[in-house]
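Descriptive structure summary
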Amino acid sequence: MTTNHILEIEQLGQSIWMDNLTRDLIQSGELQRLIETRGLRGITSNPAIFEKAIAGNKIYDADIEKGARLGLPTYKIYESLVFEDIRNACDMFRPIYEESNGLDGYISIEVPPTIAHDTQATIEEARRYYQEIGRENVMIKIPGTTAGLPAVEQVIADGINVNVTLLFSVESYVNCFWAYIKGLEKRAAEAKDISNIASVASFFLSRIDSNIDGRIDNKLKAGVESINVEAKLRAVKGKVAIANAKIAYQKYKEIIQSDRWKAVAEKGAKVQRLLWASTSTKNPEYSDVMYVDELVGRDTVNTLPPATIEACADHCSAENRIESNIEEAYNLIESLKDPDIDIDINQVMEELLTDGIDKFVQPFQSLMNSLEEKVKMLTPA
C-alpha cells in the first residue's frame with residue numbers, strides 16, 4: 001500500500017476523526033478496518049448522519065419493530081437505535097481512549113437540535129444521554145449558541161465530555177473555551193477530579209466559504225466597475241474559512257497562556273482542542289483536501305467524511321501549516337470591510353449559525369417522520 005498521509009498528520013499532533021456512523025459500518029467490520037488502516041482516532045455524528053443511516057435501511061427494522069411492539073414513542077425508538085450504535089462504536093474505540101490517556105477515542109452524539117436555544121433542557125438531555133449511553137468515551141455535542149454555552153459550562157462541571165458544535169466566528173469560539181474553563185473551575189472548586197474530562201470545539205469551515213463565495217459571485221454577476229474591484233473580490237474566494245480558523249488557533253494559544261487556564265491545567269485539565277468540522281470541499285474548483293492540508297497543527301482534531309478520509313490518506317500534504325501566513329489571514333478578514341468587497345463577516349456568521357441549527361433540525365424531524373411511517377408499516381393494526 002502507498003503511504004497513508006493520515007498517519008503522518010498524527011505525528012504532527014493532529015488527530016483525524018471520522019464524520020460518519022452507521023450500523024452497517026460497525027457490523028460489516030468496515031469501521032474496524034478504517035481504525036486499523038486509516039488511523040482513525042474518533043467519530044463525530046449528527047442528526048443528518050443518523051437520518052441517512054436509519055431512513056430506508058432495513059438493518060434497523062427488527063429493533064424498530066421491537067420498540068413499536070413495546071409501545072415506545074418515536075423519539076424513544078430513535079434513541080434506542082442510536083444509543084446502541086454509539087455504545088458499540090465507543091467499545092471499538094475504547095483501546096484508543098485508553099492508549100491516549102483519554103485524549104482520543106471519543107464518539108460524539110448531539111442532543112436534540114430542537115432544544116438548541118433552551119439551556120436547561122440542553123443540560124438535562126446531556127446528563128441523560130451520558131447516563132443512558134454509559135460509556136466514559138462518549139462526548140455529548142452541544143451547539144455553541146447563546147443558550148448552549150451556559151449548558152456547556154454546567155455539563156463540564158458535571159464531569160461530562162463535551163463537543164461544542166456549530167462554531168463559526170472566532171468570538172463564539174473564544175466564548176466556548178471560556179465556558180469550558182468556567183466549568184472546570186466550578187468542578188475543581190468542589191474538589192472533584194478534572195483530569196478525566198475532554199472537550200473539543202467544532203469550528204466549521206466549508207460552509208463559511210460557500211456563503212461568502214456565493215455573495216462574491218452575486219456581486220460579480222451584477223457587474224463591477226473595474227478590473228481592480230473584480231481582482232479584489234476574486235482574491236477572497238475560497239480563502240475566508242481557513243484564515244478564520246488560523247486566527248481562532250491564535251486565540252487558543254493566547255487563552256492557554258492565561259493565568260486562569262494555567263490554574264486548571266495544574267490540576268490536570270486537558271486543553272479543549274479545536275476540531276475542524278465541515279471539511280468536505282463543496283467547490284470542485286478547490287482541492288478536495290484543502291481544509292485538511294492548510295490546518296494541520298498541534299493539539300487539534302480534524303473530522304472528515306469518508307470520501308475526504310480516502311482522499312487525505314492518498315494525497316494530503318502533511319506539514320504543520322496552522323501557523324503559516326498568519327498576518328495574511330488577519331489582512332484577509334480585514335479586507336472584507338473594504339467598500340469594494342463590503343461583506344459583513346458578523347452577519348455571515350449569524351446566518352450560518354441559524355442555518356446550521358436548521359440543517360440539523362430538518363433531518364431530525366424528517367427522521368422522526370420516517371420512523372413513524374416505518375412503525376406503521378412494520379406493525380400493521
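Structure report, in brief. (Residues numbered from 1 in each chain as written. Predicted model: local features only at pLDDT ≥ 70, side-chain atom pairs only at ≥ 80, totals over all residues. Heavy atoms only, no water.)

In this structure the tally under the stated criterion is 12 aromatic pairs. Between Tyr-78 and Phe-364, the ring centres sit 5.5 Å apart and the planes meet at 90°, which makes this aromatic pair edge-to-face. You can see Tyr-78 sitting in helix α6 (residues 74-99) and its partner Phe-364 sitting in helix α17 (residues 345-378), a full 286 residues away along the chain. Under the relative-accessibility criterion, Phe-364 is labelled buried at 10%. Ring plane angle 50° and centroid distance 6.3 Å describe the contact between Tyr-173 and Phe-177, whose orientation is recorded as tilted. Here Tyr-173 and its partner Phe-177 are both found in helix α9 (residues 170-189), 4 residues apart, which amounts to about one turn of the helix. (Phe/Tyr/Trp six-rings, centres within 6.5 Å; stacked < 30°, edge-to-face > 60°. Helix = DSSP H or I, 4+ residues; strand = E, 2+ residues; numbered from the N terminus. Buried < 20%, exposed > 50% of the residue type's maximum accessible area, 1.4 Å probe, protein only.)

Let's shift gears to the pattern of salt bridges. Applying the stated rule across the entire model yields 34 salt bridges. A salt bridge links Arg-94 to Glu-136, with the nearest nitrogen and oxygen atoms 2.8 Å apart. With Arg-94 in helix α6 and Glu-136 in the loop between α7 (119-133) and β4 (138-143), this pair connects stretches of sequence that are 42 residues apart. A relative accessible area of 26% means that Arg-94 is categorised as partly exposed. Residue class for Glu-136 comes out partly exposed when judged on its relative accessible area of 42%. A salt bridge links Glu-319 to Arg-321; its shortest N-O distance comes to 3.6 Å. Residue classification places Arg-321 among the buried positions, given a relative accessible area of 16%. (Salt bridge = Lys/Arg side-chain N within 4 Å of Asp/Glu carboxyl O.)

Counted by the stated rule, this structure contains 1 disulfide. Paired through a disulfide, Cys-312 and Cys-316 show a sulfur-sulfur distance of 2.3 Å. As the torsion about the S-S bond is roughly -115°, the Cys-312-Cys-316 disulfide counts as left-handed. Its relative accessible area of 0% is what places Cys-312 among the buried residues. (Disulfide = S-S within 2.5 Å.)

Before going further, it helps to spend a moment on the layout of surface pockets. For the largest pocket, the calculated volume is near 540 Å³. At the level of elements, α4 (47-54), β6 (199-204), α10 (206-222), β7 (273-277) and α17 are the ones that each hand at least two residues to the lining of the largest pocket. Its volume calculated, the second largest pocket comes out at about 330 Å³. As for the second largest pocket, its lining consists of 15 residues, of which Ser-169, Glu-171, Ser-172, Glu-350 and Leu-353 are closest to the centre. When residues of the lining of the second largest pocket are traced back to their parent elements, those giving at least two are α9 and α17. Here the lining of the second largest pocket takes 5 residues from α17, the largest share from any one element. Residue composition of the lining of the second largest pocket, grouped by class: 5 nonpolar, 8 polar and 2 charged. (1 Å grid on protein atoms, 1.4 Å probe; cavity = no way out; pocket = protein on both sides within 12 Å on 5 of 7 lines; lining within 4 Å. Points joined across faces, edges and corners; volume = space filled by probe spheres on them. Nonpolar A, V, L, I, M, F, W, Y, C, P; charged D, E, K, R; others polar.)

Here we take up the side chain of Asp-104. Within the element layout of this structure, Asp-104 appears in the loop between α6 and β3 (107-110). A polar contact is formed between the side chain of Asp-104 and the side chain of Ser-15, at a distance of 2.7 Å. The contact partners of Asp-104, leaving out residues within four places of it in the chain, are Ser-15, Trp-17, Arg-41, Ile-96, Tyr-97 and Arg-273. (Polar contact = N/O pair within 3.5 Å; in protein donor to acceptor, adjacent residues only side chain to side chain. Contact = heavy atoms within 4.5 Å.)

Take the side chain of Thr-22 next. Structurally, Thr-22 can be placed in the loop between β1 (14-19) and α2 (23-27). Note on Thr-22: relative accessible area 15%, which makes it buried. Separated by 3.0 Å, the side chain of Thr-22 and the backbone nitrogen of Leu-25 make a polar contact. Among all residues touching Thr-22, those that are not within four sequence positions of it are Ala-53, Tyr-60 and Asp-85.

Now for the environment of Pro-363. Mapped onto the elements of the fold, Pro-363 is located in helix α17. A residue is classified by how much of its surface remains accessible, and Pro-363, at 11% relative accessible area, is buried. Residues Pro-363 and Gly-67, 296 residues apart in the sequence, show an inter-C-alpha distance of 21 Å. Beyond its immediate stretch of four places on either side in the chain, Pro-363 contacts Pro-47, Ala-48, Glu-51 and Asp-358.

This part covers the pairing of β3. Regular strands place side chains that alternate from one sheet face to the opposite one. The side-chain alternation of β3 yields two buried faces, one formed by Ile-107 and Ile-109 and the other by Ser-108 and Glu-110. Assessed by its sense of winding, the connection that carries the chain from β3 through α7 to β4 is right-handed. (Right-handed = clockwise from strand over helix to strand, strands pointing away.)

Another aspect to go through is empty space enclosed by the protein. On inspection of all chains with the given rule, the structure shows 1 cavity of 30 Å³ or more. Empty space within the largest cavity amounts to approximately 50 Å³. If you go around the largest cavity, the residues you meet are Trp-17, Leu-103, Tyr-106, Met-139, Ala-198, Ser-199, Val-200, Lys-270, Val-271 and Arg-273. Residue classes in the lining of the largest cavity are distributed as 7 nonpolar, 1 polar and 2 charged.

Okay, the environment of Ala-311 next. Residue position: Ala-311 is located in helix α15 (residues 306-315). Given a relative accessible area of 10%, Ala-311 falls into the buried group. With 282 residues separating them along the chain, Ala-311 and Gly-29 place their C-alpha atoms 21 Å apart. Sequence-distant contacts of Ala-311, defined by excluding residues within four places in its chain, comprise Asp-288, Val-289 and Cys-316.

So, on to the nonpolar core. The nonpolar side chains of soluble globular proteins are, as a tendency, buried together. Core analysis: the biggest nonpolar cluster contains 134 residues, and Leu-31, Ile-86, Tyr-173 and Ile-212 have the highest contact counts within it. At 13 residues, the largest contribution of residues to this core is made by α17. When residues no more than four places from it in sequence are discounted, the contact partners of Ile-212 are Val-236, Val-240, Leu-336, Ile-343, Ile-345 and Val-348. (Core = buried A, V, L, I, M, F, W, Y, C linked by side-chain atoms within 4.5 Å.)

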